[in-house]
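Commentary on secondary and tertiary structure
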Amino acid sequence: MCLWCRIRQKIPKKKKTYYAAHVMTPLLSAPGKKMAAVQDAPMELDAEKETKPEILSDGTSNLSGNTASGTLSSPPLTAGGAPKQEDQQTLIAVLQFLRRNKLTESVEILRREACLEDQEDSQTLDGSGGGKGDGDGGDANSLLSRVSIASAAAPQSTLTPIPVKNDQPDVSVVLSAYSQQGDPSLYQVYYSSLKNFIESVLDCHRAELSQLFYPLFVHMYLELVYNNHENKAKAFFEKFSGDQECYYQDDLRILCGLTKKEHLKGNEALLDFRTSRFVLRISRDSYQLLKRHLQERHNNQIWNIIQEHLYIDIFDGMPRSKSQIDSMSGSFAGETRREVNKAKVFYGLLKEPEIEVPLDDEDDEAENEEGKPKKKKTKKDSMGSKSKKQDPNAPQQNRIPLPELKDSDKLDKIMYMKESTKRIRLGPENLPSICFYSFLNAYQGLTAVDFTDDSSLLAGGFADSTVRVWSATPKKLRKVKSAAELNLIDKESDDVLERIMDEKTASESKNLYGHSGPVYGVSFSPDRNYLLSSSEDGTVRLWSLQTFTCLVGYKGHNYPVWDTHFSPFGYYFVSGGHDRVARLWATDHYQPLRIFAGHLADVTCTRFHPNSNYVVTGSTDRTIRLWDVLNGNCVRFFTGHKGPIHSLAFSPNGKFLASGSTDGRVLLWDIGHGLMIGELKGHTDTIYALKFSRDGEILASGSMDNTVRLWDSMKAFDDMETDDFTAATGHIHLPDNSQELLLGMYHSKSTPVTHLHFTRRNLLLAAGAYNSQ
Amino acid sequence: CTSTAMTEREERRFAEVPRESIKLMAESSGVELSEEVAALLAEDVCYRLREATQNSSQFMRHAKRRKLSVEDLNRALRWSNTETICGYGAQDALPFRPLKEGELFFVEDREINLVELALATNIPKGCAETMVRVHVSYLDGKGNLEPQGTVPTAVQSLSEDLLKYYQQITRAILGEDPHLMKVALLDLQSNSKIAALLPYFVYVISGVKSVSHDLDQLNRLLHMVKSLVQNPYLYLGSYVRSLVSSVMYCILEPLAASINPLNDHWTLRDYAALLLSHIFWTHGDLVSGLYHQILLSLQKVLSDPVRPLCSHYGAVVGLHALGWKAVERVLYPHLPAYWANLQAVLDDYSVSNAQVKADGHKVYGAILVAVERLLKMKALSLTLAAEGSGAGLPGTTTGAVSFRENSPGLSPPPEPLSEPPLGIASHLQAGGAGCPWEEWTPVSLPAMYCELYSFFGDSLAVRFSTGLPLGGVPPPGPCQPLEGRKEPASSAPNLENTRKMPQLTASMNISPRQDGSPRMEPQPPSLAATVPGRSLARSSSSSVSRSRSSSSRPGRSTSQSRDIFPKARFPLPQAGPPAFSFIIGGRQMGRRCQGRRFQTSFSPTPPLTTHPPRAYAHKLPVIGRVSKPVRRWTCSHYSLHLPL
C-alpha cells in the first residue's frame, strides 16, 4: 500500500508543506553527526502531485456518490500491515480508473511509487524508469529514489518484494465496495437465517461461527446505509445489535448514530473497516459447515460479503472454544492472521559494552569520530566475537546503528552497576516499597509523567501546554551560564563542568514553555541531557536539560501526538499520534526516519524495545503492533484487548511485553512466539502505567482507579504453555489465575496513577496528580 | 442562551435534536425552513454532535481524566475545522432550565458584573504553585499505618484552623485594640505554620492602596509587612515583590492622608523606607531583581517636579534607605537640578506657601541626612580601601602626593574587591547596560563635598562633624587650592571616565550592608512593633547612638548612620556648640601610618561664628544659593586640604 498517499491524505490542505513523504531512508550509519545529508526531496512535490490524492479520493466519492466535506477525518485508509493483496487490488483498480480518465501522469507516479510492476499495458515506464522528460521527471525521480532507498535500506532485512497478483481485479467491485446489493428488504432475512443456522450447529462449531456475527452485521448495516436505505438500516440495527459481543459496544455506539452515507465520509474508522478485511480464524470443519450452508441456501449476499470483506484464516484441527476466541478477539480488525506473527524477532538484549577497559573504547571512539562507519562495524564485530557469548536471540550488535558511548555514559553505566549490586531481589515474599510522587495543585491537569532511569529527575506534562521538570534529589536544577559568561570560564580547570553551571538559576523545578496544546507524552533521554515532549499541537519537542530551552520541534504528525519515547540508547525516538502512524526519528533529523503505518486508529502509546531494534505501538483500534526499526515492517500483531491500549511495557530481558488498556486488563505477550500468555484482571479503570521491576519478577500496574497493583510476572511467564501445538496454532488456554498472580493492591487516596518507575534498587515510584474532587 | 429542546431516548442513550428545534432556531435567525430540510438538518446536527463528542472523548482519555470538559469538545471541533464554542469554560455546570409556559428549555446564563468582579475585596482562593510531594506509601509492600494516607492535605486548601487564625489575626491587626495588635504582630513574626496563609496576608497588605486616607491603617499594614518579613519560617518567594510594592506605595505616593498637615505621614514614610531597607538587607536574594527597578522609580519621582514634596521626600528617604550608593548614584547627580526647585519653595515667604515651605524643609532635611551619610560612607570606604591597598602602594608621602597630583579630581581609590558580591549589587552591575546610570562615574569625595557644601553650607559641616569624634589636630590654615579644585572636580569624571571604569564596577560591588545598616543592629529600634512608642524609641535611639558614637572607634560610622532618621527630623536638635574640625578617612589609618592618604580638616573660622550654624534654618535661602555669593562664602569659610 502506498504510504505516501495515505499520509498525504491525512494532512489538511493548509499544512501541505509539512508532510514527510520519504517512507524509508537508511538509518544513519553514524548517529551523532550533524544533520548534513537530510533529504530535502519531500518538499519538492509540485501541484501536479498534490492533486493526485484528491483525484483519488474524488474518484472514490464520485463512484460512491459521496459528497466532500471538510472534517477531521480522512479519506479511506487501508491497513498497510496485513492485507497486501487487497491493497494491490485497490491500487490496480485505481490505476485503471485513472487511466480511463486520461490522468496518465498520475498513473505513472502512482505505479512507480507503489512499486507496481507494469504488467498490463504498453507504458514504457518500468520500476526504475527515468520518468518523463518534463518537469515532473524530477519529482518522479525523487519519489522513485525514495522507494529504491527503501528497498536498499535494509540489506540484511527479510523484506521480500511485494507479491504482485497477476489476475486483473474488477475495478467496479473494488471501488464500489457496497454498490452491488441484493434486495435491501431481505437483509434481515439473510442475517437471521444465518443466525438461526449458527445457533443450530453443534456447540463446538457455534463459538467459532459466532465470530461471523459482528463483521457481517457491520458490513450489512453499512451497506444499507451506503445505499440510502436509512430506515431499513435502522430496523436492521435495532433487531440485531443486541446479539453482538459486549466488547463491541463502543463500535456499535458509533454505528447507531451513522445513518447517512454522508456520515460515512467523515468516519475514518468505519471507512477502514470497509476497506480492510476483518480477519477471522475458523477451523476447517466449521468453515466447511458454513460454506455448505450458504451454498445450499443460496445466501449469496452473505457469501459475497464473506468473500469480499472478510479474511477467513482456516486452520486444521480442533475448533476453538468460546473463551479461546474471546481472549483473542475484540480488535477493530479481527484477529491476527497466523502467518503475521511468524517473522523472526530478535528479542534478546544487546551485549553490554565492556567499560572496564575504557582505554580501548576511547581509541575506538577516536577513530570513529573521524567518520568511518564501516570501520566501526568491523571493530565492533571483532569485539563482539571476543567477548562472552551473545544471546542467540539478540540482534546483531550493529543491526541498528547506535550512538557511541560517551565518557559520561560510561560513568553512568558504572553507577548503574554499583547500584545494581545493592538491588533488592523482589519476589512474591519480598514486595517493593512504593513511593508516591503526588502532584499537588495541578489544577491545569497532569497529562504525562516520566522519571529518568536513575530517578534523579521527574518531568510532568500538563494540559496547559507546559512541561515542568523537578529534581527528585536535593540537588537543584541549574542552567548553563550564558555564552558571555561561559567565555570567562577557565576551560582547563578540572571542575569546568561545575563551573559552567549558573548557580543563580538553581531551583527545584523548571518550567518549559513552547507547546501550544496539552502535553500528552514526555520522555527523558537515557543520558538525562534531553527531554522529549509530545503535544496536541502536532509537534514533538526536544528540550535541553542543560539550558532548559527547546532545541528542536519535530513536525510531521500534524495531528495530536499522543506519545513519544526515547530509545534506551538515546538518539532515536518514536512518536505516535492521531494520524494513525508511528514515526521513528533521530534527534538530529527534522524528518522521520521511518513511518510505521498500519494501525486503523490513533496510535496511543509507543515504546522502544530494550535492544532498540523494535518499537511497539498500541492503538485505539485495540491492537498492538511490533515494528522492526531496521526495515519498518510490522513483525508482531497482537489482538485481544477490548479497548484502546494506553500503556505498554517490555520486560527487562526483552522477551515479554505487557499491555494495559481502557478495559482494565493487563495482557502479557511472548514476543518470540507471538502469543498471548497471560491476562491480569483486577483493575476497574484504564491502566495508564505499567512497569516491570528491574529483574522482571514483578509487574506493577497503575490505573485511573487510584490503585497500584503488583503482579507475579515470573509465575505468569512460567505457567505459560509452551508446547509446540500452542506455539504453532496460537490457540492458547489462558488460566484464569489473576487472583493468584496478584501480589498486592495499594490504594492512593484520590490520585490516579499516571506513571510507574522502578529505581535501580527496585524501589517502586508512582506518580499522579492528586485529585481533590 | 439557546432554546434547544432535547429529548433523550432511553434505548439509544444519545441526544437528538428534533426538527422543531431546528425550525425554531432557523426562525430566530430569520430563515424559513421546509419540513423536509429541517428534518435532514436535524439528523445531520445530531450526527455531528455525536461525532464531536466521540472525538472529544479521546482528548479526555489522553488527558487522563474521567470528566469530559468543554475544552475537550473544543479541541475536537478545532481539529475538524469547526468553530469552537465560547462561554462554557466555567467550572460550575450551567443549569439547564425549562420554562413551563412556552415549553422552552434554556441554559441559564446570568450576566456578570465585571466591575463588581474586579473590585471585589473578598480574598481569592489561593492557587498555589504546582508541586510534587513524595510520600512513602507502602514500605516493603506492607502499607502504612494509615492505610490510605498518601496525600498530604495541608497544601490543598486552607484548613479551618488556618482560616480562623487568618481572620483573627487580620481583625486584631486592623482593629482598634493596640494591645491585641501587638500580640497579633508578635505571633505573625514567629508563627511557623502560616506559610499557607502568606498569599492571603500579602493580599491584605496590598490593600494599602485602598486605605491611603487612613494613616493608622497604613501603619498597621506596614507593621504586618514587617512581621512577615521578620518571620524566619516564612519563605516569601515571589510574594516579596508584592510586599515591596506595597511599601513603595507608602513611601512614594502622595497619600490622601497627607492632605491634612496634621497627619504625620512623614513618619509613615520614614518607617516604610526603613522597612524597605530592612527587606533589602534581609531578603536580598529575593529582591535583587527589584533593586534596579526601585532605583528607577525613585529617580522618576525625584525628577518629576509636578509631584508633591511629600513624594519627593519619600524618594529621598527611599534612596537613603537603599544605601549610600543609591544616594550617590541617583540623588547626588540629581541634586543641582532639584535644588533649584527646592530653593524656590524655600525662598517663598508668602503665607499661602507656609505649608509647602514646611514640606520643603522636610525634604531639605532628608536630603541633608542622605548626603551626609553619603559623605561619611564614602570617606569610610576610602579609608578601608586605602587601608587595604596600603600594602600594595608605596606607603610614603611622596607616593601619596604623586597619587594626588596625578589625579587632581581625586578619584576614589579602588574599592575593596574582596567584598562578597551580593545579589543586589551584582544585579546592579548586570543591569548597568543601557541604564541611565551608564555614564555615571564616581565623583571624588572632595569634589562631592565641595558641591554639597555649596548647597548646604555650614549645616552640612556641622552635622557632619557631630557624628564623628574629634580626632587629630586640625591643621590650621584654610586651603587655598579649593577654588582651583572646583573646576577639576567637574571635569575629572570625564577625564577619568574610561580609565576608571574597572573601579566603577568594583565600587558597585559593595553591598549595602557595608554602609551601616539596620542589619548591623540586632533590631532597629524604630521598627518596634508599637506605633505609640515609636517616637520615644526614636529619640532614645538617637541619643543612644550618639553616646555610642562618642565611645566608638573613629571612622566606624556604621553605627551612627542608624540615627539618620531621627536626625532627618526638622528642625534638628542642636547638640551644643559644634566643634568644627573633622577628618575624612578617620584615624584608623593613622594607626598604621602607612595608609594615611589624606586628611581633611575643617577648623572653626571667624565667619562661622558670625554665621552660627544653628541659625541655618533661617539662613537657608542664603546659604543654599548656588549663585556667586555663596561661592565666595564657601571659599572663605571652608577649608579642605591634605596635610602631606
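This is a predicted model, so every value here is computed, not measured.

**As for the overall build of chain B**
If you tally the helices and strands in chain B, you get 26 helices and 5 strands. Counting all 644 residues of chain B, 51% fall into the buried class. For chain B, restricting intrachain contacts to residue pairs at least 6 apart in sequence, the fraction spanning at least 24 positions comes to 73%. Here chain B has roughly 30,800 Å² of accessible surface; of this, 58% comes from carbon and sulfur atoms.

**Observations regarding the overall build of chain A**
Secondary structure assignment for chain A yields 24 helices and 31 strands. In chain A, buried positions account for 60% of the 773 residues. Within chain A, residue pairs in contact and separated by at least 24 positions form 64% of the contacts whose partners lie at least 6 positions apart. Of the roughly 29,900 Å² that chain A leaves accessible, carbon and sulfur atoms contribute 52%.

**A look at the packing of helix α8 (residues 203-210) of chain A against helix α14 (residues 284-297) of chain A**
Residues and elements named next belong to chain A. Relative to each other, α8 and α14 sit at 75 degrees, their axes nearing to 9 Å. It follows that α8 is roughly perpendicular to α14 by the angle criterion. Along its contact with α8, which presents H205, E208 and L209, the element α14 presents D285, S286, L289 and L290. Grouping the constituent residues of the contact of α8 with α14 by class yields 3 nonpolar, 2 polar and 2 charged.

**Quick notes on the nonpolar core**
Residues L331, I367 and F456 of chain B are the most contacted members of the largest nonpolar core, which totals 103 residues. Those residues within four positions of I367 of chain B in sequence are excluded, and the remaining contacts are V316, L331, L335, Y338, L342 and F456 of chain B. Within the second largest apolar cluster, 49 residues are counted, among which are Y191, L252, F273 and Y287 of chain A.

**Side note on helix α17 (residues 445-456) of chain B**
All names here are of chain B. Here α17 contains 12 residues, and its C-alpha end-to-end distance of 16 Å stays within 8% of the 16 Å for a straight helix at 1.5 Å per residue. Among the residues making up α17, those that are buried are L445, P446, A447, M448, Y449, C450, L452, Y453, S454, F455 and F456. Just downstream of α17 lies G457, where phi reads positive at about 65 degrees.

**So, the UniProt feature "repeat: WD" (unreviewed entry) in chain A**
All names here are of chain A. Per the UniProt entry, the sites bearing "repeat: WD" (unreviewed entry) are residues 439-480, 512-547, 554-585, 596-637, 638-671 and 680-712 in this numbering. Taken end to end, residues 554-585 is 0% helix and 59% strand, and its first and last C-alpha atoms sit 9 Å apart. Across residues 680-712, helical content stands at 0% and strand content at 61%; the span's end C-alpha atoms are separated by 10 Å.

**Focus on the sheet that holds strand β20 (residues 623-628) of chain A**
All names here are of chain A. The sheet built from 4 strands is open, its strands ordered β18-β19-β20-β21 with antiparallel pairing. Each of the sheet's edge strands pairs with one partner strand only, and the pair in question is β18 (603-608) and β21 (634-639). Averaged over all pairs of adjacent strands, the angle between their axes in this sheet comes to 20 degrees, without regard to strand direction. Sheet analysis places β18 next to strand β19 (residues 614-619), joined by 5 bridges and oriented antiparallel.

**So, unusual backbone geometry**
Its identity is not glycine, yet N706 of chain A carries a phi of approximately 65 degrees, on the positive side. Of note, N706 of chain A is situated in the loop between β27 (698-703) and β28 (707-712). For N706 of chain A, a relative accessible area of 15% puts it in the buried group. Its identity is not glycine, yet K64 of chain B carries a phi of approximately 60 degrees, on the positive side. Residue class for K64 of chain B comes out buried when judged on its relative accessible area of 18%.

**Things to note about the interface of chain A and chain B**
Chain A puts 68 residues into the contact, and the matching count from chain B is 47 residues. Of the roughly 5,100 Å² buried where chain A meets chain B, counting both sides, 52% is carbon and sulfur surface. There are 3 salt bridges connecting chain A and chain B. The partner of R66 of chain B in a salt bridge is D685 of chain A, with the nearest N and O atoms 3.1 Å apart. Here chain A and chain B share 8 residue pairs in polar contact (both at pLDDT 80 or more) between them. Of all the secondary structure elements, the ones that give two or more residues to the side of chain A that touches chain B are α10 (230-240), α11 (249-257), α12 (261-266), β3 (434-440), β4 (446-451), β5 (457-462), β6 (467-471) and β29 (742-747) of chain A. The biggest single contributor to the side of chain A that touches chain B is β3 of chain A, with 7 residues. A breakdown of the residues in the side of chain A that touches chain B according to their chemical character gives 29 nonpolar, 26 polar and 13 charged.

**So, the pairing of strand β13 (residues 549-555) of chain A**
Residues and elements named next belong to chain A. Of the pairings in the sheet, the one linking strand β12 (residues 539-544) to β13 comprises 6 bridges and is antiparallel in character. The partner of L542 across the bridge, within β13, is V552. If you look at the hairpin formed by β12 and β13, you'll find 4 residues sitting between the two strands, and F548 has a positive phi there, around 55 degrees.

**Looking at the side chain of S227 of chain B**
Residue and element names in this part refer to chain B. Here S227 is to be found in helix α8 (residues 215-230). Classification of S227 as buried rests on a relative accessible area of 0%. Excluding residues within four positions of it along the chain, S227 makes contact with L185, L188 and Q189.

**Looking at the packing of aromatic side chains**
Within a pair of aromatic rings, the relevant descriptors are the distance that separates the centres and the angle that separates the planes. Scanning all chains against the criterion turns up 34 aromatic pairs over all chains. Each ring, one from Y247 of chain A and one from Y248 of chain A, has its centre 4.9 Å from the other, and the planes form 65 degrees; the classification is edge-to-face. Judged by relative accessible area, Y247 of chain A falls into the buried class, the value being 13%. Where W339 of chain B meets Y364 of chain B, the ring centres are 5.6 Å apart and the plane angle is 55 degrees; that geometry is what we call tilted.

**A closer look at helix α5 (residues 160-174) of chain B**
All names here are of chain B. Taking 1.5 Å per residue, 15 residues should reach 21 Å; α5 reaches 21 Å between its end C-alpha atoms and fits that length. Regarding α5, the residues found buried are L162, Y165, Y166, I169, T170, A172 and I173. All buried residues of α5 fall inside an arc of 160 degrees around its axis, so they share one side. Turned more than 90 degrees off the buried face of α5, the exposed positions are E160, K164 and R171. Those residues of α5 hidden inside the fold are in contact with α6 (178-190), α7 (198-205) and α8.

**Overview of the confidence of the model for chain B**
All names here are of chain B. Per-chain confidence: chain B averages 64 in pLDDT, with 55% of residues scoring 70 or above. When the criterion is pLDDT under 50, residues 1-12 qualifies, and its contacts beyond four places in sequence or with other chains add up to 25 contacts. Contacts of residues 465-644 to residues separated by more than four positions or lying in other chains number 307 contacts, the stretch itself having pLDDT below 50. Scored by ipTM, the complex comes to 0.73, with pTM at 0.57.

**Looking at the sheet that holds β3 of chain A**
The strand order β30(A)-β31(A)-β3(A)-β5(B) describes an open sheet built from 4 strands, whose pairing is mixed. Each of the sheet's edge strands pairs with one partner strand only, and the pair in question is β30 (755-758) of chain A together with β5 (131-138) of chain B. Each adjacent strand pair in this sheet contributes to an overall mean axis angle of 20 degrees, direction not counted.

**Structural notes on the environment of V340 of chain A**
Turning to its location among the elements, V340 of chain A is positioned in the loop between α16 (322-328) and α17 (358-369). Linking V340 of chain A and G674 of chain A, residues 334 residues apart in sequence, is a C-alpha distance of 9.1 Å.

**Things to note about the pattern of salt bridges**
Under the counting rule described, the total for this entry stands at 42 salt bridges over all chains. Put simply, E35 of chain B and R19 of chain B hold a salt bridge, and the shortest N to O gap is 3.7 Å. Of the two residues, E35 of chain B sits in helix α2 (residues 35-62) while R19 of chain B sits in helix α1 (residues 19-28), which places them 16 residues apart along the sequence. A relative accessible area of 40% places E35 of chain B in the partly exposed class. Among the residues examined, R19 of chain B registers a relative accessible area of 36% and is labelled partly exposed. Of the charged contacts, one joins K23 of chain B and E35 of chain B as a salt bridge, the two residues approaching to 2.9 Å between their closest N and O atoms. Here K23 of chain B is found in helix α1, whereas its partner E35 of chain B is found in helix α2, with 12 residues between them in sequence. One connected set of salt bridges, linked through shared partners, spans D412, D453, D454, R528, R694 and R760 of chain A.

**Some words on the environment of V225 of chain A**
Residues and elements named next belong to chain A. Inspection of the secondary structure puts V225 in helix α9 (residues 213-226). V225 sits 34 residues away from T259 along the chain, and the two C-alpha atoms are 5.8 Å apart. Among residues more than four places away in sequence, those in contact with V225 are A233, L258, T259, K260 and K261.

**Here's the deal with the packing of α7 of chain B against α8 of chain B**
Residue and element names in this part refer to chain B. Interaxial distance between α7 and α8 falls to 9 Å at its minimum, and their mutual angle equals 150 degrees. Considering their axes alone, α7 and α8 lie roughly antiparallel with respect to each other. Like other packed secondary-structure pairs, α7 and α8 cross with a definite hand, here left-handed. Contacts from L198, F201, V204 and I205 of α7 reach α8 at L221, M224, V225 and L228. A per-class count over the contact of α7 with α8 returns 8 nonpolar, no polar and no charged.

Definitions and limits used
- Residues numbered from 1 in each chain as written.
- Chains lettered and ligands numbered in written order.
- Predicted model: local features only at pLDDT ≥ 70, side-chain atom pairs only at ≥ 80, totals over all residues.
- Heavy atoms only, no water.
- Helix = DSSP H or I, 4+ residues; strand = E, 2+ residues; numbered from the N terminus.
- Buried < 20%, exposed > 50% of the residue type's maximum accessible area, 1.4 Å probe, protein only.
- Contact = heavy atoms within 4.5 Å.
- Areas by Shrake-Rupley, 256 points an atom, 1.4 Å probe, with all protein chains shown as cover.
- Axes fitted to C-alpha atoms, helices over the stretch in contact; angles between N-to-C directions.
- Parallel < 35°, antiparallel > 145°, perpendicular 65-115°, else oblique.
- Nonpolar A, V, L, I, M, F, W, Y, C, P; charged D, E, K, R; others polar.
- Core = buried A, V, L, I, M, F, W, Y, C linked by side-chain atoms within 4.5 Å.
- Expected span 1.5 Å × (residues − 1).
- UniProt positions renumbered as here; feature names shortened; annotations may be inferred.
- Pairing = 2+ DSSP bridges.
- Buried area = accessible area lost by both parts, 1.4 Å probe.
- Salt bridge = Lys/Arg side-chain N within 4 Å of Asp/Glu carboxyl O.
- Polar contact = N/O pair within 3.5 Å; in protein donor to acceptor, adjacent residues only side chain to side chain.
- Phe/Tyr/Trp six-rings, centres within 6.5 Å; stacked < 30°, edge-to-face > 60°.
- Arc of directions from axis to C-beta.
- pLDDT = per-residue confidence, 0-100.
- Left-handed = near helix turned anticlockwise from the far one by under 90°.

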